[in-house]
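# Report on the structure
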Amino acid sequence: MSRSLLRAANQRGEEESVSVEAVLASLGDRSFSWAILVFALVNLIPAPLGSTLVTAVPLLIVTAQMALGAHHLWLPRVIARRRVSRKALKRAVIRLRPLVRPIERTLKPRRPWLFTARNERIVGAMLFAVSVALFTPLPLTGAFPAWSLVVSALALLDRDGTVLLAGLTAGAASIAVTVAVVAAVLAGVESFFV
């Protein structure tokens, strides 16, 4: 799968950037899974605090559609035409390959009951909640949800229910961390004004 992403990043030769729709089109079917993977990887590229207010929006859109049971992925033109640095995408994929390879090696179709239309909507709702955690622009709330989305997307691509459950568990933990950080920030603000 990481090879597929590298091929997508290398497509169409010399341009320094590549559009999101071109990357997704070159990856083929299972558009929701590939979209979650690509956008989660974008969120693992080092960026200033607060950048998830922009980079997590596509994940909110994709996972919301999955939760609603949409049959085809739809992206607003402003996101589909958005360009990503080819070098940054390649660097992110190459940097993550040693970490993703062990997951890729263990992937195989398991727990098929998780992939019924009804259950995929529930999975979509859970991934939407993880995307909300990622969207929250606070310290310690970015990489963890992005990683859980990467693992979940890889599991969805190969229909591996065991790995999907691991990704969703990590996602639930990332939501808990986000809630704890938000509560700590709110408590600090409240004590400041008391």
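Counting restarts for each chain, with residues numbered from 1 along the sequence as it is written. Owing to the predicted nature of the model, reporting of local features is limited to residues with pLDDT of at least 70; listing and counting of side-chain atom pairs is limited to 80 or more, with chain, interface and lining totals taken over all residues. Hydrogens and water are ignored here; the side-chain numbers use all heavy atoms of the structure.

## Let's talk about helix α3 (residues 31–42)
Convention followed: Going along the chain from the N terminus, every DSSP run of H or I of four or more residues is numbered as a helix, and every run of E of two or more is numbered as a strand. To estimate the expected span of a helix, subtract one from its residue number and multiply by 1.5 Å. Note on classification: 1.4 Å probe, protein chains only; a residue is buried when its accessible area is under 20% of the maximum for its type, exposed when over 50%, partly exposed between these limits.
A rise of 1.5 Å per residue sets the reference length of α3, with its twelve residues, at 16 Å; its end C-alpha atoms lie 16 Å apart and thus fit the reference within 8%. For α3, the tally of buried residues reaches eleven of twelve residues, placing the bulk of the element in the interior. When α3 is considered as a whole, its buried residues turn out to be Phe32, Ser33, Trp34, Ala35, Ile36, Leu37, Val38, Phe39, Ala40, Leu41 and Val42.

## Some details on the environment of Leu37
As for its placement among the helices and strands, Leu37 is situated in helix α3. C-alpha separation for the pair Leu37 and Ala146, spaced 109 residues apart in sequence, amounts to 9.1 Å.

## Notes on the pattern of salt bridges
Condition: Salt bridge, as applied in this entry: a Lys or Arg side-chain nitrogen positioned within 4 Å of an Asp or Glu carboxyl oxygen.
The full count for this structure, using the stated rule, is two salt bridges. Its salt-bridge partner being Arg110, residue Asp160 comes within 2.6 Å of it at the nearest N-O pair. On the criterion of sequence distance, the pair formed by Asp160 in the loop between α9 (143–158) and α10 (161–193) and Arg110 in the loop between α7 (86–106) and α8 (117–135) is long-range, its members being 50 residues apart. Under the relative-accessibility criterion, Asp160 is labelled buried at 0%. Of the charged contacts in the structure, one is a salt bridge between Arg159 and Glu120, with a shortest N-O distance of 3.8 Å. Note that Arg159 is positioned in the loop between α9 and α10 and Glu120 in helix α8, a separation of 39 residues in sequence. On the basis of relative accessibility, which here comes to 27%, the residue Arg159 falls in the partly exposed class.

## Points about the packing of helix α5 (residues 57–67) against α8
Just so we agree on the cut-off: The axes are straight lines fitted to the C-alpha atoms, using for helices just the contacting stretch, and the angles between their N-to-C directions are given from 0 to 180°. We call two directions roughly parallel when the angle between them is under 35 degrees, roughly antiparallel when it is over 145, roughly perpendicular when it lies between 65 and 115, and oblique otherwise. By the definition used in this description, the sense in which the near helix is turned from the far one sets the handedness, with an anticlockwise turn below a right angle giving left-handed and a clockwise turn giving right-handed. Here, residues are in contact when the closest pair of their heavy atoms is within 4.5 Å.
α8 packs onto α5 with a crossing angle of 160° between their chain directions and a minimal axis gap of 7 Å. It follows from the interaxial angle that α5 and α8 lie roughly antiparallel. For the pair α5 and α8, the crossing hand works out as left-handed. Where α5 abuts α8, its residues Val57, Leu59, Leu60, Thr63, Ala64, Met66 and Ala67 lie against Glu120, Arg121, Val123, Gly124, Ala125, Leu127, Phe128, Ser131, Val132, Leu134 and Phe135.

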